[in-house]
Structure formats: structure tokens, C-alpha cells
Amino acid sequence: MLKAATRAGLPSLIQEQNSHAGITNKWLSKGASKICVAYPGMESQFPAEKIVYTGNPVRSDLIGVSENKHAGLAHFKLDEQKTTLLVLGGSLGAARVNQLIMDNLGLFDKLGIQLIWQCGKGYYESYRQYDSTSVRVVAFIDRMDLAYSVADLIISRSGALSVSELCLVGKPVIFIPSPNVAEDHQTKNAKSIAEQGGAILIPESELEAQFAQKLGSLLSDAGGMKALGKKIKALSRPNATSDIVDEVVKLLPTE
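Every value quoted in this text rests on a predicted model; they were computed, and no experiment measured them.

*Asks:* Just to check I follow, could you spell out the packing of aromatic side chains for this structure?
*Replies:* Each aromatic ring pair is specified by the distance between its two centres and by the angle formed by the two planes. Inspection of every chain in the model, using the stated rule, returns four aromatic pairs. Relative to Y127, the ring of W117 has its centre 5.1 Å away and its plane inclined at 50°; by these criteria the two rings are tilted. Of this pair, W117 sits in strand β5 (residues 113-118) while Y127 is found in helix α6 (residues 124-127), placing the two residues ten residues apart along the sequence. An identical accessibility class is assigned to W117 and Y127; each is buried. Seen in terms of ring centroids, Y127 and Y130 are 6.4 Å apart; in terms of plane orientation they differ by 35°. Their pairing is tilted. Taking the relative accessible area as the measure of exposure, Y127 reaches 8% and is therefore buried. On the basis of relative accessible area, Y130 is assigned to the partly exposed category, the value being 26%. An aromatic cluster is present here, built from W117, Y127 and Y130 joined pairwise through their rings. It is K3 that lies over the ring of W27; its NZ or CZ is 4.7 Å from the centre.

Laid out in C-alpha cells, this is it:
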């Protein structure tokens, strides 16, 4: 449709959500009037004069989530005296992330950590047995605002929208990118944030060697935790939706 529009002389806009441009957007970029991107430094992938750094649209209810911490603790029935780890594997779940959490339940208990473990619909029956007062196992989280509000630390995949949400939330994050995606874009998304000091990146292949050590070091460094949250928050683009709409409006015919 966009290719046909450009051939007809109609203005078009594309949005690239990842830090590494997809094949389709690269193909469309030559004819596009504007290209809204979610990461800085995309000039090597798109014509520089067309790029507008807007970020990705995210849900407005995630702004100021920390103010809902007491409501979040009540919702998930958690202990306000304990450190809370939020584990996100996507709606369907992430097999390797779930295995990691199960293997380290003893470590979490030793460190005094309580969990909200979103294991995914496809894995819930396999992991529901681990649900307890300190390990909340859920297939899906319908109140992400409350889950983010109580999280002291987050483990997550690094899909484009997940990364954008986590930047807005501003909590320390350990990214475990999925290696099974096109052009390894999740690793590139996470690396873009980690290289700016906004998150910790652990590849799946290095979890056994790095996870326990990095988790322990992070939890023992309150200043480091705060710095991670502050830096990832600084990378957020809370006005992405309205900024993209503004670019669309600019392209509309004036008559």
C-alpha cells in the first residue's frame, strides 16, 4: 500500500520500532516522506533528512507508576519489606527465562527476594506449582501498571515495545534477549540501552556463567540500582504518540 502511495505521489510515513531497521522499512524508506524512529543514531540505516526521533508509542497509564506502589503490594499480596523482582516473558512465555527462574528459586529465597513471575499462558501449568506467598506465578498480568509499581528490579526480553515501556517506567532492568528473532533485533535493542548505561544485558548463552553473579552484585549496590533506573528513564520518550501524530498532520494536504 505504501509503495503504491509513493508511486502515486502521495506522502507517506513509516515508523521503525527497533534499533536495527527491518527489511520492509528499509525497502520503503526511499519513498517515504518521513521516518519516525525509536532509537537515536539511525542515520546509517535511513536517509538522515527524513528521520524524526520520536520513540515508540506506549500506554499512558505507565507514567508515574511508582506512585501506585501501595496499591500494587495489596493487589499482588506482597511483603513491603522485601525486594521485589518482576519477571516478564511475554504473553506466551519464554522457555529459557522460565527455566532460569525455576533453577534459581533457592537463590532468590536466600537473597530475600519475592517474585512476580509472569511465565506465559503456554507455561503456566508447568510452573504454577511454585506459586507461594513469596513467588507469585501468573500466566498473564492484566495490571502492568501495578506490577511495575512494586518492582525493584525487572528481568525482561527486549522486544521494541517492551524496551520502550521499561524506559518510561525507569526501574533497573536485566535484559535477556530472545536469540530466535529476525536479524537478532532483540539483542541490538538491549545493547543500545546497555551501552548507554541504562540496563544490564545477559545473552541466553551466558546465563549460567553470569546471572547469579550479576544479580548478587546489583542487589548489593543500591547506588548502582538507582543509577540504572535513572539512566534508562532518561532514554524514555513519553510523548512519542503525539509526536508521531504531529508528523502525520504535517504531511496532510493544506487544501
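*Asks:* What exactly am I supposed to notice about helix α12 (residues 240-251) here?
*Replies:* Side chains of residues three or four places apart in an α-helix project in the same direction, reflecting 3.6 residues per turn. In this model α12 runs 17 Å from its N-terminal to its C-terminal C-alpha over twelve residues, within 8% of the 16 Å that 1.5 Å per residue would give. For α12, every residue scored as buried is listed here: A240, I244 and E247. End-on view of α12: buried residues confined to an arc of 55°, all on one side of the axis. Buried residues along α12 sit in contact with β1 (13-16), β2 (34-37) and β3 (51-53).

*Asks:* What is the right way to read the pattern of salt bridges from this model?
*Replies:* Opposite charge on two side chains lets them pair, provided their charged atoms get close. Counted under the stated rule, the structure contains eight salt bridges. With its nearest N and O atoms 3.9 Å apart, the salt bridge here joins D152 to K69. Residue D152 is found in the loop between α7 (144-150) and β7 (153-156), and its partner K69 is found in helix α3 (residues 69-76); the two are separated by 83 residues along the sequence. With relative accessibility at 24%, the residue D152 sits in the partly exposed group. A relative accessible area of 31% places K69 in the partly exposed class. One salt bridge in this structure joins E208 and R96, with 2.5 Å as the shortest N-O distance. One end of the pair, E208, is in helix α10 (residues 207-219); the other, R96, is in helix α4 (residues 95-103), and 112 residues separate them in sequence. Look at E208 and you get exposed, because its relative accessible area is 63%.

*Asks:* It is not clear to me how unusual backbone geometry should be interpreted in this structure. Could you clarify?
*Replies:* If a residue is not glycine, its phi is most likely negative; likewise, a peptide bond is most likely trans. Although it is not a glycine, K77 adopts a positive phi angle of roughly 55°. With respect to the helices and strands, K77 occurs in the loop between α3 and β4 (83-88). Judged by its relative accessible area of 59%, K77 falls in the exposed class. Of note in this structure, E183 is not a glycine but carries a positive phi near 55°. Its place among the elements puts E183 in the loop between β8 (173-175) and α9 (185-194).

*Asks:* Got a minute to help me understand the nonpolar core in this structure?
*Replies:* Here is a general trend for soluble globular proteins: nonpolar side chains tend to be buried in one another's company. One finds L86, I141, Y148, I154, F175 and I193 to be the most contacted residues of the largest nonpolar core, which totals 39 residues. Looking at this core, the elements with two or more residues in it are β2, α3, β4, α7, α8 (160-169), β8 and α9. When near neighbours in sequence (up to four residues on either side) are disregarded, I193 contacts Y39, V163, C167, F175, G198, A199, I232 and L235. Of all hydrophobic cores here, the second largest spans 27 residues; its members include L105, V135, I155 and I176.

*Asks:* Can you walk me through the sheet that holds β4 in this structure?
*Replies:* As a general point, the strands of a sheet are linked pairwise by backbone hydrogen bonds and lie either parallel or antiparallel. The strand order β6-β5-β4-β7-β8-β9 describes an open sheet built from six strands, whose pairing is parallel. Of all strands in the sheet, those bounded by a partner on one side alone are β6 (135-138) and β9 (200-201).

Here is what the cut-offs are and how they apply
- Residues numbered from 1 in each chain as written.
- Predicted model: local features only at pLDDT ≥ 70, side-chain atom pairs only at ≥ 80, totals over all residues.
- Heavy atoms only, no water.
- Phe/Tyr/Trp six-rings, centres within 6.5 Å; stacked < 30°, edge-to-face > 60°.
- Helix = DSSP H or I, 4+ residues; strand = E, 2+ residues; numbered from the N terminus.
- Buried < 20%, exposed > 50% of the residue type's maximum accessible area, 1.4 Å probe, protein only.
- Lys NZ or Arg CZ within 6 Å of the ring centre and 35° of its normal.
- Expected span 1.5 Å × (residues − 1).
- Arc of directions from axis to C-beta.
- Contact = heavy atoms within 4.5 Å.
- Salt bridge = Lys/Arg side-chain N within 4 Å of Asp/Glu carboxyl O.
- Core = buried A, V, L, I, M, F, W, Y, C linked by side-chain atoms within 4.5 Å.
- Pairing = 2+ DSSP bridges.

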